[in-house]
Amino acid sequence: MSERTGRPEMRGCDARISDADLTALAARCCAEAEGLWPPDEKGLARMRAAQEVDPAALALAVEAGGPVGVCAVGLPKEGDAAFLRLLGVCPEQRRRGIGRALEAHAVDVARRHGFRILRTESALNIRNQAGVAFLERLGWEPHSAASVRMWRVTPVTARRRRR
């Protein structure tokens, strides 16, 4: 945690982090989280594409010089919703506020681009009860009765950039 803020440092996941290292970090973050899997090759490509729009769209939570969590935000060209593609914290680092800091970062990225809504990219697996409960504690709500897709309204504070 940062001595100044008490929160982990958020860093854009730049080109120095290889796709293999990013995939390994995502796998570590998905460990012990039932119903959560690391992104496949296409998912990783979508995460990197959003990073081209805003380097902060793919971010690492860093402590003691090493990554302990990751979040990825999808920033579509159209629509009023951004997408939370991935939010994960390494199992040994959970329950220390890192997930909350990553979620706040994701909300901030969506707001800066003028999105009113931040949604989970796909339906959360019903077995990931801890993930669903975590998002509910942060103000997320179920979006569909057919699945556990979640959403959160974000007050818009800036105009969305056109690409």
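What counts, and at which threshold
Residues numbered from 1 in each chain as written. Predicted model: local features only at pLDDT ≥ 70, side-chain atom pairs only at ≥ 80, totals over all residues. Heavy atoms only, no water. pLDDT = per-residue confidence, 0-100. Contact = heavy atoms within 4.5 Å. Pairing = 2+ DSSP bridges. Helix = DSSP H or I, 4+ residues; strand = E, 2+ residues; numbered from the N terminus. Right-handed = clockwise from strand over helix to strand, strands pointing away. Salt bridge = Lys/Arg side-chain N within 4 Å of Asp/Glu carboxyl O. Buried < 20%, exposed > 50% of the residue type's maximum accessible area, 1.4 Å probe, protein only.

Concerning the confidence of the model for the protein
Scored by pLDDT, the protein comes out at a mean of 83, with 81% of its residues at no less than 70. Taken as a whole, residues 157–163 scores under 50 in pLDDT and shows 23 contacts with residues more than four places along the chain or in a different chain.

Details of the pairing of strand β5 (residues 117–120)
Bridge analysis of strand β4 (residues 81–89) against β5 gives four bridges, and the strand direction is parallel. Within β5, the position partnered with F83 by the bridge is R119. Regarding topology, helix α3 (residues 98–112) serves as the crossover connection from β4 to the parallel β5, and that connection is right-handed.

Details of the pattern of salt bridges
This model, assessed by the stated rule, comprises eight salt bridges. The closest approach of N and O atoms between D54 and R112, which form a salt bridge, is 2.9 Å. Of this pair, D54 sits in the loop between α2 (41–53) and β2 (58–63) while R112 is found in helix α3, placing the two residues 58 residues apart along the sequence. Note on R112: relative accessible area 35%, which makes it partly exposed. Counted as one network, the salt bridges with shared partners bring together D54, D108 and R112.

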